[in-house]
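Structural features, examined
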Amino acid sequence: MNLSPLPLAVFVVDVNGSITSWNRACEKLAGYTASDIRHATLDRIIAFDDAAGTVTMAARADAESTGHLLCANGQHLPIRVTVAPQSYDGDQSGTYSVIVIPRNGHSPPRYSLIQDLPVADIIEGLPCVFYVIDQSGHLLLWNHQLEEALEMSSEELPTSNVKFFFDEKERPLIVQKIMDAFDHGSSSHEAEMVGKHGKRTTFLFQCARTSLGSLPCIFGTGIDIEARKRSEQGMRVRERAIFSSVNAIVITCCEGRENKIEYVNPAFEQITGYTLAEIKGRNPRFMRIEGCDVQEHQRVREALERQESVRSVLRNKRKNGELFWNDLRIDPVSNIDGEVTHFVAVINDITEARHYERRLHHLAHHDPLTGLANRTLLQDQLKLAIDHALANGVLGALAFLDLDNFKHINDNFGHEAGDVVLQEIASRLKANMREHDTVARVGGDEFVLVIKDQPSAGHVADLVERIRRSVRAPIEVGGHEIVPGTSIGVALFPLDGDNVDRIMRAADAAMYHAKSLGKNNCQFYSMELNQAVHQHLLLEASLSRAIRNDEMMLGYQPKVDLRSGKVVGAEALVRWRHPEQGMISPDDFIPVAEETGLIVPLGEWVIAEACGALKALKALGIDDFVISVNLSPRQLRQRQFAHHLAEVLKRHQVDPCMLELEVTESQLMDRPAEAMEALAELKALGVRLSIDDFGTGYSSLSHLQKFPVDFIKIDRSFLGGGVHDGHAVITRAIIALGHSLKMKVIAEGVETKEQLAFLRTHNCDQMQGYYFSAALSQEKLQEMVCNDDRLPT
């Protein structure tokens, strides 16, 4: 291939400077003919400024020199000369390209020589870079697009080897590709060209070998593919994201009304068990479960027909037949014409999340120990049952079951045994109920039954009695036989109420009534019971107010020493002076206070009042008087009770030995170890301790010996029948037992002269009761003690 004269003159010389080939630009620039140049040496045509004869071609290689072109017309044209080895021609080692560039304004206008070329306008107008390179790797011709890409002027380009237009790591590849073009006729490659000021552009280079006269060279083009490379990089990133996604991704191709699988990512294969090879070309609906989520499948199908996005939660089937929950999102993909050609589906396997939700829902609505419904689910089911009864005119029932003495089971057999008992009772309750009825556990030892569609109250009574007997059956736990019992309260709906709150309160009231009647029985709700419950609630509300409003008062019943007849102490008895109902008996409000926890602030008030009375007596010179106060179980179990008591005694300046605390025998035996620890702390404080109602509990002699008490008090029930019945024997035994344990014995409820004589005869230490005095006000007590009123001896 021959081209017209080029703007740069190039000679090829050997190591000795003899010219072996040249291009026509040399002839035109110097004015010599081919016969003039052939066999000539370089120094005949170029006069180097640095004395050519003393510098070899090898020394001039890869460097720029100056000199004059000795033209045929005798003119000396100033030039720049670049000598470069023919490094891209393996067969011509030791030869050099000598590139001649006019300087100092003597060069013609840029591209002046190329203007004569017919293709000049085409080359300049190409939408790509154009270049011609000789075997030294230097540019012979280029267009302005190359200058712009390299950020270099036309004067700078000829002096640089083209490999330096690229990053160092890419240069070996560039050299190889140029050599491939010289050796094989053509080559192509992609490379990033780096401009003088750092501009980077990726080109697709295509080059081919040619000859300019006798000068071998390559010419080529470079298409700017920077935008394409960025697009490809983005596509690779997106492809990698799809490949690496933990969500399954399916791409389908639209073929008519069919959507056939074209691609699935590894997550799809992992989730479903199907490989792309197995399912390519199939419609994804092969994974659906027939008859399942029909409406959702229809909605998805209609959205696809409209070529719209859609989201749905479906159940699909894995390859192994296992069901999985699929949170599915499908979006259409359009071509440049706006035509939908594909759909992309993203599958999120939410099976574990669904199972977790179900577990959470179950935990939120069921008791974890027994698996029964909890209070939340109970109320939902009860509302549905009441609504059903009202709408259909049928009878339903709500039964509250409270296990009797369950605390005793936990304390004596352990909490693990208690759990076994609860689980067994839950199983028995479910066995006695129909599937559509509800069995719930709403507290530690409380169960509730919702019984639907009953023909009569009699049928309910028969069912509840059968359940009571079932619960009563012995349970074998760890080699022990435990016999539970239950108190059951029943309310009928809609007879006893037409909403959840009323029926719950009615059944609860009936259950407490059953407990008050001796436990292990069943009671139905009634209007009379409702009135009693109402009064109980009023009393509870009033009691809280009474403690705050100083409606409480203390009466002091004197205690008399039976040997001297002297009043040596008194028991503080709390009374309620109600502003409307007058005096209310402790038997009416103390149980309410215990049940509600109000016994704690009430007990604190009693102790403070008693200490105030002792302080007043001490001010009168009486410092050997003892006032006893009844201590509730809640108070005894209070943390820091002894510490708080010490502060009260200190505040009132009362000697601890002047205060006596009375605890019941059953109270001590409920939790003997805890009671022992609490009494030891109180004893260390210096207060006196006594066991109230002795003989009515179940204390053993071994426990009694360990309790650090000072007095035992004979319960009034052992004196009520006179001194000639069997109770007298028990009374004598209690007196003897107390003395043998180095305790003093006091009898309460002494009302007759005969009882008094009996107690003196058997050496009882103290007495209290109406025979000597009823409870007195603080003022009357002080007067009695100051007057030294005595019991006749």
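Check the secondary structure of the chain and you find 28 helices and 32 strands. Since a compact globule built from 793 residues should have a radius of gyration of about 28 Å, the 56 Å found for the chain marks it as more spread out than a globular shape. Out of the 793 residues in the chain, the part that is buried amounts to 45%. Within the chain, counting contacts between residues at least 6 apart in sequence, those at least 24 apart form 58% of the total. Looking at the chain as shown, the accessible area adds up to about 39100 Å², and 51% of this sits on carbon and sulfur atoms. Between the averaged position of the 83 positive side-chain charges in the chain and that of its 108 negative side-chain charges there is a distance of 2 Å.

Mapped onto the elements of the fold, Glu124 is located in helix α5 (residues 120-125). For Glu124, a relative accessible area of 27% corresponds to the partly exposed category.

Glancing now at the environment of Leu573. Structurally, Leu573 is set in strand β25 (residues 567-578). Along the chain, Leu573 and Ser628 lie 55 residues apart, while their C-alpha atoms are 9.1 Å from each other. What Leu573 contacts, discounting residues up to four positions off in sequence, is Met553, Leu554, Gly555, Gln557, Asn630 and Ala775.

Attention shifts here to the confidence of the model for the chain. Taken residue by residue, the chain gives an average pLDDT of 86. The fraction at 70 or more is 92%. When mean pLDDT is compared element by element in the chain, strand β27 (residues 626-630) scores highest at 95, while helix α25 (residues 701-706) scores lowest at 70. Note that pLDDT drops below 50 for residues 1-6; the model gives that stretch 16 contacts with residues more than four away or on any other chain. A low-confidence stretch, residues 107-117 (pLDDT under 50), is modelled with 24 contacts involving residues beyond four sequence positions or located in other chains.

So, about the side chain of Asn521. By secondary structure assignment, the location of Asn521 is in the loop between α17 (500-516) and β23 (522-524). Judged by its relative accessible area of 16%, Asn521 is buried. Polar side-chain contacts of Asn521 include one of 3.1 Å to the backbone oxygen of Lys519. In this structure the side chain of Asn521 is engaged in a polar contact, spanning 3.0 Å, whose partner is the side chain of Gln523.

Over its 18 residues, helix α15 (residues 415-432) runs 26 Å from end to end, which matches the ideal 26 Å to within 8%, given 1.5 Å per residue. Within α15, burial applies to Ala417, Gly418, Val421, Leu422, Ile425, Ala426, Arg428 and Leu429.

Read across the sheet, 5 strands follow the order β13-β12-β16-β15-β14 without closing on themselves; strand pairing throughout is antiparallel. In the strand order of this sheet, the two ends are held by β13 (258-264) and β14 (310-317), each with one partner. When strand polarity is set aside, the average angle formed by the axes of neighbouring strands in this sheet is 35°. Where strand β12 (residues 248-255) lies against strand β16 (residues 340-349), 6 bridges are found, and the strand directions are antiparallel. Note on β16: the bridge partner recorded for Cys253 is His342. On the sheet, helix α11 (residues 294-305) packs against β13, β14, β15 (323-334) and β16 and is oriented at approximately 130° with respect to β14. Along the sheet face, helix α12 (residues 351-365) touches β14, β15 and β16 and points at about 130° away from the line of β15.

For the rest of this paragraph, the subject is α17. Its 17 residues give α17 an end-to-end C-alpha distance of 24 Å, which sits within 8% of 24 Å, the value for a rise of 1.5 Å per residue. Considered for burial, the residues of α17 that qualify are Val500, Ile503, Met504, Ala506, Ala507, Ala509, Ala510, Met511 and Ala514. Sitting at the head of α17, Asn499 places a side-chain oxygen 3.2 Å from the backbone nitrogen of Asp501. Two residues or fewer after α17 comes Gly518, characterised by a positive phi angle close to 115°.

Definitions and limits used
- Residues numbered from 1 in each chain as written.
- Predicted model: local features only at pLDDT ≥ 70, side-chain atom pairs only at ≥ 80, totals over all residues.
- Heavy atoms only, no water.
- Helix = DSSP H or I, 4+ residues; strand = E, 2+ residues; numbered from the N terminus.
- Rg over C-alpha atoms; globule rule 2.2 N^0.38 Å.
- Buried < 20%, exposed > 50% of the residue type's maximum accessible area, 1.4 Å probe, protein only.
- Contact = heavy atoms within 4.5 Å.
- Areas by Shrake-Rupley, 256 points an atom, 1.4 Å probe, with all protein chains shown as cover.
- Lys, Arg positive; Asp, Glu negative; His and termini not counted.
- Charge placed at Lys NZ, Arg CZ, Asp CG, Glu CD.
- pLDDT = per-residue confidence, 0-100.
- Polar contact = N/O pair within 3.5 Å; in protein donor to acceptor, adjacent residues only side chain to side chain.
- Expected span 1.5 Å × (residues − 1).
- Pairing = 2+ DSSP bridges.
- Axes fitted to C-alpha atoms, helices over the stretch in contact; angles between N-to-C directions.

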